[in-house]
Amino acid sequence: MTLLEQVLSETAAGQFVPGAVEPAIAGALDAVARRHRGAAMQLDPVGVELLEALLAAQFPVLASRGELLSQAARAVGTSLLADPTARLRLEHLWAILGERLE
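Caption draft 1: Looking closely at the overall build of the chain. Secondary structure assignment for the chain yields 6 helices and 0 strands. Start at the N end of the chain and walk to the C end: the helices and strands fall as α-α-α-α-α-α. Taken over 102 residues, the chain has a buried fraction of 38%. Accessible surface, the chain: about 5600 Å² in total, of which carbon and sulfur atoms supply 55%.

In structure tokens form, the structure reads like this:
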């Protein structure tokens, strides 16, 4: 199971705890939440940036190739947000991240 699948699965099950993931990943997700506090989950910019953070952690080679990372995040985000179940999971993840800032 990839990191992205794990996060989405745990989010759906109500078990996702950002502090339980690697600190660097949790920090990257929190940074996205801080930059876009109060924004709705949508592809741009929230979805792309969340997925960039997760994909960069999962695939370090992407982290050094900014344009490729963005393209991959956009492709994955478009697919996830088009699926109603995956969309709900991302929205739930985004809500959890937002609550951590309060």
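Having put the structure on the table, let's press on.
Caption draft 2: Quick peek at the side chain of Asp30. Tracing the sequence through the fold places Asp30 in helix H2 (residues 23–35). On the basis of relative accessibility, which here comes to 13%, the residue Asp30 falls in the buried class. When neighbours within four sequence positions are excluded, Asp30 is seen to be in contact with Leu97 and Arg100.

Caption draft 3: Local environment of the nonpolar core. Membership of the largest hydrophobic core comes to 25 residues, with the highest contact counts inside it found for Leu29, Met41, Leu50, Leu90, Trp94 and Leu97. When residues of this core are traced back to their parent elements, those giving at least two are H2, helix H3 (43–58), helix H5 (66–82) and helix H6 (84–100). With 7 residues, H3 is the largest single contributor of residues to this core. Leave out the neighbours within four places in its chain, and Leu50 touches Leu29, Val32, Met41, Trp94 and Leu97.

Caption draft 4: Up close: unusual backbone geometry. A cis geometry characterises the amide bond from Asp44 onward to Pro45, with omega recorded as -5°. Among the structural elements, Pro45 can be located in helix H3.

Caption draft 5: Region of interest: the environment of Ala56. Inspection of the secondary structure assignment puts Ala56 in helix H3. Spatially, the C-alpha atoms of Ala56 and Ala28 are 9.9 Å apart, while their sequence positions differ by 28 residues. Not counting the four nearest positions on each side in its chain, Ala56 is found in contact with Ala63 and Leu69.

Caption draft 6: Representation of the side chain of Glu52 in the model. As for its position among the elements, Glu52 is in helix H3. Arg35 is the oppositely charged side chain nearest to the buried, salt-bridge-free Glu52, at an N-O distance of 6.5 Å. If sequence neighbours within four positions are ignored, Glu52 has contacts with Leu69, Ser70 and Ala73.

Caption draft 7: Layout of the packing of H3 against H5. In the contact formed by H3 and H5, the axes pass within 8 Å of each other and the chain directions differ by 115°. The hand of the H3/H5 crossing is right-handed. Mapping the contact onto sequence places Leu43, Asp44, Val48, Leu51, Glu52, Leu55 and Ala56 in H3 and Leu69, Ser70, Ala72, Ala73, Arg74, Val76, Gly77, Thr78, Leu80 and Leu81 in H5. The class makeup of the residues in the contact of H3 with H5 is 11 nonpolar, 3 polar and 3 charged.

Caption draft 8: Region of interest: the pattern of salt bridges. Taken as a whole and judged by the stated rule, the model has 4 salt bridges. One salt bridge in this structure joins Arg100 and Asp30, with 2.6 Å as the shortest N-O distance. Residue Arg100 is located in helix H6, and its partner Asp30 is located in helix H2; the two are separated by 70 residues in the primary sequence. Assessed through its relative accessible area of 38%, Arg100 is described here as partly exposed. Of the charged contacts, one joins Glu91 and Arg87 as a salt bridge, the two residues approaching to 3.3 Å between their closest N and O atoms. Separated by 4 residues within a single helix, Glu91 and Arg87 lie in helix H6, roughly one turn from each other. A relative accessible area of 30% means that Glu91 is categorised as partly exposed.

What counts as what
Residues numbered from 1 in each chain as written. Predicted model: local features only at pLDDT ≥ 70, side-chain atom pairs only at ≥ 80, totals over all residues. Heavy atoms only, no water. Helix = DSSP H or I, 4+ residues; strand = E, 2+ residues; numbered from the N terminus. Buried < 20%, exposed > 50% of the residue type's maximum accessible area, 1.4 Å probe, protein only. Areas by Shrake-Rupley, 256 points an atom, 1.4 Å probe, with all protein chains shown as cover. Contact = heavy atoms within 4.5 Å. Core = buried A, V, L, I, M, F, W, Y, C linked by side-chain atoms within 4.5 Å. Lys, Arg positive; Asp, Glu negative; His and termini not counted. Salt bridge = Lys/Arg side-chain N within 4 Å of Asp/Glu carboxyl O. Axes fitted to C-alpha atoms, helices over the stretch in contact; angles between N-to-C directions. Left-handed = near helix turned anticlockwise from the far one by under 90°. Nonpolar A, V, L, I, M, F, W, Y, C, P; charged D, E, K, R; others polar.

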